Amino acid sequence: MIKTTLCEMLGIEYPIFQGGMAWVANASLASAVSNAGGLGIIAAMNSNALQLTEEIKKCKALTKKPFGVNIMLMSPFADEVAKVVVDEKIPVVTTGAGNPSKYMQSWLEAGIKVIPVIPSTALAKMAERNGACAVIAEGGESGGHVGEITTMALVPQVCDAVTIPVIAAGGIADGRGIAAAFMLGAAGVQLGTRFLVATECTIHQNYKDRVLSAKDIDTVTTGKRLGHPVRSLKNQFTRDYTIKEYDSTVSNEELEALGLGKLRAAAIDGDIKTGCVIAGQIAGLVKKAQSCKEIIEELFTETETILAGANKWVK
Ligand code: TUI
């Protein structure tokens with residue numbers, strides 16, 4: 001079985017995180033991933049302090065294994081949920097969409113292991129200086145809010161820039177991707193898109209079906225004009241948004257308003273036409289629904305086979 005330094009550091013069996021996806025990563029999904037030996041992560045994203053506390057309690061009832069919470073730093077509730085993770089003694093916090101510096105001291109004093117998502121070497125170095133125990137280097141292949149650099153280019157550069165373990169994210173959905181991440185120097189991986197179709201993932205079936213039918217070129221980013229590009233599956237929403245994004249008569253405020261509530265519409269209500277169906281570029285590889293346990297075991301069986309030299313092209 002593949003073990004890395006991350007397993008020991010976090011008390012997990014497999015060096016894999018489930019991404020803290022907004023409107024997706026709830027107690028059901030996070031507990032299933034943790035019970036399967038990975039690190040399940042609850043997304044605080046759309047929750048206020050009370051809602052996050054409830055979700056954490058549900059997760060604690062469903063697993064005795066460690067799980068994490070992801071704090072989306074652009075969330076209007078970031079300050080209040082930052083306190084919840086301390087009160088609830090969450091062992092691991094990941095952050096996204098910003099710089100977590102202002103919360104680091106209180107989290108570290110509470111004994112929380114902090115693992116920020118970073119899209120550049122500069123932010124990785126800053127995270128290490130501020131006490132992060134690892135970083136998640138997320139390439140632009142990912143779903144959701146994305147940076148410019150691809151996983152292939154970002155991961156080895158981040159590995160050279162810091163001494164703490166690096167977790168690779170973006171464009172990984174099978175054992176080939178995990179093996180490649182190890183080759184680039186990563187100590188673990190974070191997957192989002194593959195877990196969207198997990199049986200324990202409670203999003204609307206329409207969303208899951210859309211991911212299962214996705215092809216390689218089906219994702220697009222929108223929102224670059226506002227400085228926050230978001231990758232999702234092409235649909236009526238992305239077409240309308242793109243037209244308005246390139247129309248100078250449309251104000252930034254109008255554009256912001258256009259995106260409001262669209263992820264919830266897709267994930268909860270199943271509106272995959274005018275909602276924002278977030279998924280990464282690797283969606284085209286995701287072809288079957290499985291339990292989190294099946295997904296994780298299959299991923300690492302494949303990884304082991306590949307790392308043992310079973311690549312058919314190698315002479
Ligand atoms: O955060 C994500 N993925 C997300 S967040 C999200 S919700 C959202 N909706 C509309 C606009 C923006 C967000 C949906 N998916 N992944 C982690 C991630 N973090 N990707 C990129 C970053 C990031 C970007 C800038 C991390 C740090 C950062 O720092 C900038 C700075 O200097 O503060």
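Every value quoted in this text rests on a predicted model; they were computed, and no experiment measured them.

> Just checking my understanding: could you explain the side chain of S47 for this structure?
In this structure, S47 sits in the loop between β2 (40-43) and α3 (49-62). What S47 contacts, discounting residues up to four positions off in sequence, is L52, F77 and V81.

> Got a minute to help me understand the packing of helix α11 (residues 236-245) against helix α12 (residues 252-259) in this structure?
The packing of two helices is summarised by the inter-axis angle and the distance between the axes. Direction vectors running N to C along α11 and α12 enclose 175°, while the axes themselves pass 10 Å from each other. It follows from the interaxial angle that α11 and α12 lie roughly antiparallel. Contact residues: F237, Y241, K244 and E245 in α11; L255, L258 and G259 in α12.

> Help me understand the nonpolar core, please; the structure alone is not making it clear to me.
A general trend in soluble globular proteins is that nonpolar side chains are found buried together. Core analysis: the largest hydrophobic core is formed by 79 residues, its most contacted members being I71 and F195. Discounting chain neighbours no more than four positions away, the residues touching I71 are A44, A78, V81, A82, V85, V93, T94, T95, G96 and W107. Listed in part, the 15 residues of the second largest apolar core include L10, I12, I41 and A134.

> Which parts of the structure should I look at to understand the pattern of salt bridges?
Close approach of charged atoms lets side chains of opposite charge pair. Under the counting rule described, the total for this entry stands at 13 salt bridges. Across the pair K65 and E13 runs a salt bridge, and its minimum N-O distance is 3.2 Å. Placement of K65 in the loop between α3 and β3 (67-72) and of E13 in the loop between α1 (5-10) and β1 (16-18) is noted, with a sequence separation of 52 residues between them. Judged by its relative accessible area of 31%, K65 falls in the partly exposed class. Between R264 and D269 there is a salt bridge, with the nearest N and O atoms lying 3.4 Å from each other. A relative accessible area of 47% places D269 in the partly exposed class. Look at the salt bridges and you will find they share partners, linking K57, K60 and E88 into a network.

> Just to check I follow, could you spell out the packing of helix α8 (residues 175-183) against helix α14 (residues 292-307) for this structure?
Between α8 and α14, the least distance of the axes is 7 Å, while the angle of their chain directions is 55°. One element, α8, and the other, α14, form an angle in the oblique class. Here the hand of the crossing between α8 and α14 comes out right-handed. Listed contacts from α14 to G175, R176, I178, A179, F182 and M183 of α8 are L299, F300, E302, T303, I306 and L307.

> Is there a simple way to think about the packing of aromatic side chains in this case?
Centre distance and the angle of the planes are the two values used to describe a pair of aromatic rings. With the rule as written, the count across this model stands at three aromatic pairs. Seen in terms of ring centroids, F237 and Y241 are 5.7 Å apart; in terms of plane orientation they differ by 55°. Their pairing is tilted. Taken together, the residues F237 and Y241, both in helix α11 and four residues apart, mark about one turn of the helix. Grouping residues by exposure puts F237 and Y241 together as buried.

> What's the story with the site of the ligand in this structure? I'm lost.
What surrounds the ligand is a group of 15 residues, the closest being A97, G98, E138, G144 and H145. One nitrogen or oxygen atom from the side chain of E138 is found 3.1 Å from a nitrogen atom belonging to the ligand. Within the backbone of H145, one N or O atom sits 2.9 Å away from a nitrogen atom of the ligand. When the ligand is considered free in solution it has 720 Å² of accessible area, and contact with the protein chains removes 72% of it.

> Explanation requested: α14 in the structure shown.
A rise of 1.5 Å per residue sets the reference length of α14, with its 16 residues, at 22 Å; its end C-alpha atoms lie 22 Å apart and thus fit the reference within 8%. Among all positions of α14, only C292, I295, I296, L299, F300 and T303 are buried. Viewed end-on, α14 has its buried residues packed into an arc of 115°, placing them on one side of the element. Next to the buried residues of α14 lie β1, α2 (27-35), α8, β9 (188-191) and α9 (193-196). Backbone geometry just downstream of α14 places G309 in the positive-phi region, at approximately 100°.

Conventions and cut-offs
- Residues numbered from 1 in each chain as written.
- Predicted model: local features only at pLDDT ≥ 70, side-chain atom pairs only at ≥ 80, totals over all residues.
- Heavy atoms only, no water.
- Helix = DSSP H or I, 4+ residues; strand = E, 2+ residues; numbered from the N terminus.
- Contact = heavy atoms within 4.5 Å.
- Axes fitted to C-alpha atoms, helices over the stretch in contact; angles between N-to-C directions.
- Parallel < 35°, antiparallel > 145°, perpendicular 65-115°, else oblique.
- Core = buried A, V, L, I, M, F, W, Y, C linked by side-chain atoms within 4.5 Å.
- Buried < 20%, exposed > 50% of the residue type's maximum accessible area, 1.4 Å probe, protein only.
- Salt bridge = Lys/Arg side-chain N within 4 Å of Asp/Glu carboxyl O.
- Left-handed = near helix turned anticlockwise from the far one by under 90°.
- Phe/Tyr/Trp six-rings, centres within 6.5 Å; stacked < 30°, edge-to-face > 60°.
- Near = heavy atom within 4 Å.
- Polar contact = N/O pair within 3.5 Å; in protein donor to acceptor, adjacent residues only side chain to side chain.
- Areas by Shrake-Rupley, 256 points an atom, 1.4 Å probe, with all protein chains shown as cover.
- Expected span 1.5 Å × (residues − 1).
- Arc of directions from axis to C-beta.

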